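# A closer look at the structure
The chain contents come next:
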Amino acid sequence: MCGIVGYVGVRSGLEVVMSGLRRLEYRGYDSGGVALVYEGRIASAKKAGKLANLDRELALHPLPDSSTAIGHTRWATHGAPNDRNAHPHLDSSGSIAVVHNGIIENIAEIRANLEAAGHEMVSETDTETVAHLLHEELKGTHDLAEAVRSVCRQLEGAFTLVIASGRHPDLVVGARRNSPLVVGRGKGENFLASDVSAFIEYTRDAIELGQDQVVSITPDEIVVTDFFGNPAETKDYYVDWDISAAEKGGYDWFMLKEIDEQPQDVADTLLGRHDASGALQLDEMRLSDDELREIDKIIVIACGTSFYAGLVAKYAIEHWTRIPCEVELASEFRYRDPIVDRSTLVVTISQSGETMDTLMAIRYARQQRAKVLSICNTNGSTIPRESDAVLYTHAGPEIAVASTKGFLAQVVACYLLGLYLAQIRGLKYGDEISRIMTDLETMPAAIQRVLDESEPVRQLAKELAGSKSFLFLGRHVGYPVALEGALKLKELAYLHAEGFAAGELKHGPIALVEEGVPVFIVVPPRGRDQVHEKVLSNIQEVRARGARTIVLVEDGDDSVVPYADELIRLPKVPTLLQPLVATVPLQIFACALATEMGHDVDQPRNLAKSVTVE
Ligand code: F6R
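For clarity, every value in this text was computed on a predicted model and none was experimentally measured. As a convention, each chain's residues are numbered from 1 in the sequence order in which they are written. Only residues with pLDDT of 70 or above have their local features reported here, since the model is predicted, and side-chain atom pairs are shown and tallied only from 80 upward, although totals for entire chains, interfaces and linings are computed over all residues. With hydrogens and water set aside, each side-chain value is computed from the structure's full complement of heavy atoms.

## Examining the packing of helix H7 (residues 262–270) against helix H13 (residues 405–424)
Where we set the bar: Only C-alpha atoms enter the line fits that serve as axes; for helices the fit covers just the stretch in contact. Angles between N-to-C directions range over 0 to 180 degrees. By definition, any uninterrupted DSSP run of H or I lasting at least four residues is a helix, any uninterrupted run of E lasting at least two residues is a strand, and each is numbered from the N terminus. With respect to orientation, any angle under 35 degrees is reported as roughly parallel, any angle over 145 as roughly antiparallel, any angle of 65 to 115 as roughly perpendicular, and every other angle as oblique. Here is the rule for handedness: rotate from the far helix to the near one, and if that takes an anticlockwise turn smaller than a right angle the crossing is left-handed, while a clockwise turn gives right-handed. Whether two residues are in contact is decided by their heavy atoms, any of which lying within 4.5 Å being enough. Basically, the charged four are Asp, Glu, Lys and Arg, the nonpolar ten are Ala, Val, Leu, Ile, Met, Phe, Trp, Tyr, Cys and Pro, and anything else, Gly included, counts as polar.
Running from N to C, H7 and H13 cross one another at 30 degrees; their axes reach a closest spacing of 9 Å. Comparing the axis directions of H7 and H13 gives the class roughly parallel. Helix-helix and strand crossings are classified by hand; for H7 and H13 the assignment is right-handed. Here H7 contributes Gln-262, Asp-265, Val-266, Thr-269 and Leu-270 to the contact with H13, which in turn contributes Lys-405, Leu-408, Ala-409, Val-412, Ala-413 and Leu-416. Per-class residue counts for the contact of H7 with H13 are seven nonpolar, two polar and two charged.

Dropping the structure here:
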């Protein structure tokens, strides 16, 4: 959470930082602020609410121009989201400005010591304490980076810090522990940011920072050390996605654009997965085939929508590999003393690659000697860096806070992983794998068809905009689809929405059904006759109790017609692949309903894109 930008160079620092913050606003939008180094002091502005409020503040009270600047867009943790707690925070002399992402865990004691020494804090944040600590450190040295290193050695928890000082023109210092920070290398200018989208307008040459590192940027130099001042290893990389991918491209919402990009994302995630002999290959599979053959259990770990992708993975992986596969919420995993050892493969799924719950689960799993493979959409992020192997999804940057294209790409990556394990363990013949790959390669066209025929779904959303409660039912892989449909609606429309395994209905949830309540039901393809028949009964059960049934069913299946108040037709696809088409109308429905209700679809209340706190 929280987006951070730092700049030194030749341009207007304010412009660079504000444009970076706009691209990072998905990370948090409780407040925004900027600080500039100007004539030996700090000039700053900050405002609660979205960046538009900061824009207005800057128009009313312009800041002087400067080519050294830092900025912040906040997702509140310590202290309410108001002007006072907005970043940047300054020390008591007003000459050091700090922006911060994360939570510093041992701050109470540090703050008490500083207050006892006469420092007065004006905010409730942990960040302000860091500014005061730096003030103390800079009494003994003029070296800002050294002062930052010394402060970092005293801090516990998760933090990215970016610091500007009035006494240090043309210098911005950053530090990171358990929280993201990347460097952008320009010509006569350099950048720091929570992610590359903040600076790709200016440069595509980026540097990955490692854990516990401090970076100093001047217009011509980038120096990276560990927290003790030793030179540190970093990794350069080139950002190959286009700036237009991070812009709305004519859509009202990023989410609409991202929903529409799904056929391409699925195609891109499937691209280049064969070698010359036709065998499957995965990109950063740093685990040997022998290591993967020794695995006797898989645990998939993720949060939110990514967790639901994991639930889909379980069906496919167990079916194709016969390896037992559990799926676990990352936030629960390490607290239940899980049985994990060197023959366990932990698969984590994360769009952002920065989710703290997932990262902590990875660290725990690796301590237990498990091998960790991460499915991730963000190159250079922390989760793939800390994993033994990576399978990248190629969905491009996902900006809307609610995940859509990220989910579909994750599901595809899970299928690829299942097939790869089946291949190296000799559980499927090459032609069987090729057949499933061919099915997968038809999915972009199938998803495109769902998109092309989605107008009735939008109309339905308009019609149902007054409903207070929604239920979603599914069985087999339709169950995670139901959960995802309900989550999208909760996040975007702030309505009561619940997803259930259709078979569970009679064990309690059916009590929620009353006259007129909309119930979405995902019907499995006829290929799974047993499950299909059971879902048919479930539709009748809710309808008999007054539900308005909205049935998602494959082409040609007319068995549901008598029990469906609304029909949403899906292309005929193999059962295991159905989530790729069945999820899309539910995304469109949630987006359209929230729009109808006047909500901000891209930035729903209380949420942030990248959840870097536990
Ligand atoms: C829901 C959503 C969240 C994320 C979750 C995990 O639309 O976006 O539930 O799926 O916070 O995020 P990642 O995948 O970045 O680890």
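## Some thoughts on the pattern of salt bridges
Our working definition: In the sections that follow, a salt bridge refers to a side-chain nitrogen of Lys or Arg positioned within 4 Å of a carboxyl oxygen of Asp or Glu. Only protein chains enter the calculation, and the probe is 1.4 Å; a residue is then buried if its accessible area is under 20% of its type maximum, exposed if over 50%, and partly exposed in between.
A complete count under the given rule lists 35 salt bridges for this structure. Between Asp-195 and Arg-27 there is a salt bridge; the shortest N-O distance is 3.9 Å. With Asp-195 in the loop between strand E10 (190–193) and strand E11 (205–208) and Arg-27 in the loop between helix H1 (13–24) and strand E2 (31–38), the pair connects residues that are 168 residues apart, well separated along the chain. The exposure class of Asp-195 is buried, given its relative accessible area of 14%. For the salt bridge of Glu-326 with Arg-336, the shortest nitrogen-to-oxygen distance reads 3.6 Å. Highlighted residues: Glu-326 in strand E16 (residues 325–329) and Arg-336 in the loop between helix H10 (330–333) and strand E17 (344–350), separated in sequence by 10 residues.

## Structural notes on the nonpolar core
To be explicit about the condition: Here the nonpolar core consists of buried residues drawn from Ala, Val, Leu, Ile, Met, Phe, Trp, Tyr and Cys, with membership extended through side-chain atoms lying within 4.5 Å.
Of all hydrophobic cores here, the largest spans 132 residues; its most connected members are Val-34, Ile-298, Phe-470, Phe-589 and Leu-593. In terms of residues, this core owes the most to one element, H13, which gives 14 residues. Not counting the four nearest positions on each side in its chain, Phe-470 is found in contact with Leu-464, Leu-489, Leu-495, His-496, Ala-497, Glu-498, Pro-518, Phe-520, Phe-589 and Leu-593. Val-98, Leu-138, Ala-175 and Val-214 belong to the second largest nonpolar core, which has 27 residues in total.

## Re unusual backbone geometry
Residues His-87 and Pro-88 are joined by a peptide bond in cis, for which omega reads 5 degrees. Relative to the assigned elements, Pro-88 resides in the loop between strand E4 (68–74) and strand E5 (89–90). The backbone phi angle of Asp-170 is positive, close to 60 degrees, even though this residue is not glycine. You will see that Asp-337, though not glycine, has its phi angle at about 55 degrees, which is positive. Mapped onto the elements of the fold, Asp-337 is located in the loop between H10 and E17.

## Thoughts on H13
Selection criterion: Here the expected length of a helix is defined as 1.5 Å per residue gap, with one fewer gap than residues.
For H13, spanning 20 residues, the distance from its first C-alpha to its last is 29 Å, which sits close to the expected 28 Å at 1.5 Å a residue. In terms of burial, H13 is a largely internal element, 19 of the 20 residues being buried. One or two residues past the end of H13 sits Gly-426, with phi positive at roughly 70 degrees.

## Focus on the site of the ligand
Quick note on the threshold: One heavy atom suffices: a residue is near a molecule or strand as soon as one of its heavy atoms comes within 4 Å of it. Here a polar contact means two N or O atoms within 3.5 Å. Within protein one must be a hydrogen donor candidate and the other an acceptor candidate, and residues neighboring in sequence count only if both atoms are side-chain atoms. Accessible surface is estimated by sampling points in the Shrake-Rupley manner with a 1.4 Å probe; for residues, cover comes only from the protein chains shown. Where each domain begins and ends follows an automated or database-derived domain assignment.
With respect to spatial proximity, 15 residues lie near the ligand, and among them Ser-306, Ser-350, Gln-351, Ser-352 and Thr-355 are the closest. A distance of 2.4 Å separates an oxygen atom of the ligand from a polar atom in the side chain of Thr-355. Burial of the ligand by the protein amounts to 88% of the accessible area it has alone, namely 410 Å². Residue composition of the shell around the ligand, grouped by class: four nonpolar, nine polar and two charged. Summarising the domain contributions, the shell around the ligand has at least three residues from each of domain 2 (254–441) and domain 3 (455–596).

## Points about the packing of aromatic side chains
For any pair of aromatic rings, the description consists of the separation of the ring centres together with the inter-plane angle of the planes. The condition that has to hold: A pair of aromatic rings is counted whenever rings of Phe, Tyr or Trp (Trp by its six-membered ring) have centres within 6.5 Å, and the orientation is called stacked for planes under 30 degrees apart, edge-to-face for over 60 and tilted otherwise. Lysine and arginine charges are scored as sitting over a ring when NZ or CZ, respectively, is within 6 Å of the ring centre and within 35 degrees of the ring normal.
Throughout the structure, instances matching the rule amount to 10 aromatic pairs. Seen from their ring centres, Phe-472 and Phe-520 are 4.8 Å apart, and the 5 degrees between their planes marks the pair as stacked. Pair noted here: Phe-472 is in strand E20 (residues 469–474) and Phe-520 is in strand E22 (residues 518–522), with a separation of 48 residues, a long-range link. Under the relative-accessibility criterion, Phe-520 is labelled buried at 1%. Across from the ring centre of Tyr-29, 5.2 Å away, lies the NZ or CZ of Lys-50, which sits over that ring. The ring of Tyr-494 has Arg-605 sitting right over it, with the charged end atom 4.0 Å from the ring centre.

## Considerations on the sheet that holds E17
Condition: Paired strands, as defined in this entry, are two strands with at least two bridges between them according to DSSP.
Read from one edge to the other, the open sheet built from five strands follows the order E16-E15-E17-E18-E19, with strand pairing classed as parallel. Bordering the open sheet on either side are E16 and strand E19 (389–392), each of which pairs with just one other strand. Mean inter-strand twist for the sheet, computed between neighbouring axes without regard to direction, equals 20 degrees. The sheet contact formed by E17 and strand E18 (residues 371–376) spans six bridges and is parallel. Looking at the pairing, Leu-345 lines up with Lys-371 of E18. Each of strand E15 (297–302), E16 and E17 is contacted by helix H9 (residues 304–321), which is oriented at about 175 degrees to E16, the strand it contacts most. Lying over the sheet, helix H11 (residues 356–367) contacts E15, E17 and E18, oriented at roughly 160 degrees with respect to E18.

## Some thoughts on the domain arrangement of the protein
Cut-off, in case you're wondering: Buried area counts how much accessible surface, traced with a 1.4 Å probe, disappears from two parts once they are put together, with both parts' losses summed.
Entries for the protein in the domain assignment read domain 1 (3–246), domain 2 (254–441) and domain 3 (455–596). In this structure, domain 1 and domain 2 have C-alpha centres spaced 33 Å apart. Counting residues at the interface gives 15 residues for domain 1 and 13 residues for domain 2. Summed over both partners, the interface of domain 1 with domain 2 comes to about 1200 Å²; 55% of that surface belongs to carbon and sulfur atoms. Interface area lost by domain 1 to domain 2 is led by Tyr-26, Asn-178 and Glu-208, which between them contribute 35%. When the shortest N-O distance is used, the salt bridge between Arg-385 and Glu-208 registers 3.6 Å. Here the side of domain 1 that touches domain 2 is composed, by residue class, of nine nonpolar, four polar and two charged.

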